[in-house]
Amino acid sequence: MRIDVFSIFPEMFEGPFSTSIIKRARERDLVDIRTYNIRDWAIDKHQLTDDTPYGGGGGMVMKPEPLFAAVEDVRGEDVCPVILLTPQGRVLTQAVAAELAARPRLMLLCGRYEGVDERVREHLATDEISIGDYVLSGGELAAMVVVDAVVRLLPGALGFEGSAVEDSHATGLLEGAHYTRPPLFREWPVPEILISGHHARIVAWRRQQALLRTLERRPDLLATAPLTAKERQWLRAQGYEGPFAEAV
Ligand code: 6GU
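Residues numbered from 1 in each chain as written. Predicted model: local features only at pLDDT ≥ 70, side-chain atom pairs only at ≥ 80, totals over all residues. Heavy atoms only, no water.

Asker: I tried to follow the sheet that holds strand 7 (residues 127-130) on my own but got confused; where do I start?
Answerer: Hydrogen bonding along the main chain pairs the strands of a sheet, whether they run parallel or antiparallel. Ordered by their spatial adjacency, five strands build an open sheet running 2-1-6-5-7, and the pairing between neighbours is parallel. A strand with exactly one partner marks an edge of an open sheet, and here the two such strands are strand 2 (32-37) and strand 7. The average angle at which neighbouring strand axes cross in this sheet is 35°, direction not considered. Against the sheet, helix 6 (residues 140-151) contacts strand 1 (2-7), strand 2, strand 5 (82-91), strand 6 (105-110) and strand 7, and its axis sits at roughly 160° relative to strand 6. (Pairing = 2+ DSSP bridges. Helix = DSSP H or I, 4+ residues; strand = E, 2+ residues; numbered from the N terminus. Axes fitted to C-alpha atoms, helices over the stretch in contact; angles between N-to-C directions. Contact = heavy atoms within 4.5 Å.)

This is the structure we're talking about:
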């Protein structure tokens, strides 16, 4: 997969894109990530990438010409999603990350918070993504979040291949608790079942813990999570009164 990221602060990506899972995915050639400085496509001698808004008001607006030139130059004849990071976009979920991870190429445009000329949205971006309902100073941190969520889904990106399948949200549920050694830390023991060696019982217990944790913390997720008839029944007995999606 190839990911091109356009920003006026490309140096912000150096740490996150050179560390841990993303670093390893790049080394294994699972992903080719390139960052570009939009300023390199600025047209005037001061290399301006933003300007005051027509009609007045505060803040600055990102100019269209450098963004169009940068994307068109780098894209060449290729056709690929051009994603504008903006708080007005559709909200990133695990399903959106999975959809993006299936693409051979993505382009990410980082807008500054005050805004991007509307013609970029209308005629250059093919998609707009937000990472949640809060305000960031620019799209850069959001682009890092998108890249991380996408890259860890690429086959071979995680050490243990099963890891991504059972992650919180991958199942539509939150994950239950995890424990490691020691079996007794201070006066707090690890649940006995985990030390029992009964693999099938452990799997069932973990599923139950995931259901309970989701019920406690994010009951809204139970409305769309794939659940068996037995699990629905069990959740009702635990006091869940909300809706369920179609049976699986
Ligand atoms: Cl994509 N950009 C900005 N500026 N703020 C955000 C965001 C994006 N997603 C959530 N907040």
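Asker: Whenever I open this one, the site of the ligand confuses me. Can you help?
Answerer: Close to the ligand lie Leu85, Thr86, Pro87, Tyr113, Ile129, Ser130, Ile131, Gly132, Tyr134, Leu136, Gly138 and Ala142, which account for all nearby residues. Within the backbone of Tyr134, a nitrogen or oxygen atom sits 2.6 Å from a nitrogen atom of the ligand. A total of 290 Å² of accessible area belongs to the ligand in isolation, and the protein chains cover 99% of it. At the level of elements, strand 5 and strand 7 are the ones that each hand at least two residues to the shell around the ligand. Sorting elements by how many residues they give to the shell around the ligand places strand 5 first, with three residues. (Near = heavy atom within 4 Å. Polar contact = N/O pair within 3.5 Å; in protein donor to acceptor, adjacent residues only side chain to side chain. Areas by Shrake-Rupley, 256 points an atom, 1.4 Å probe, with all protein chains shown as cover.)

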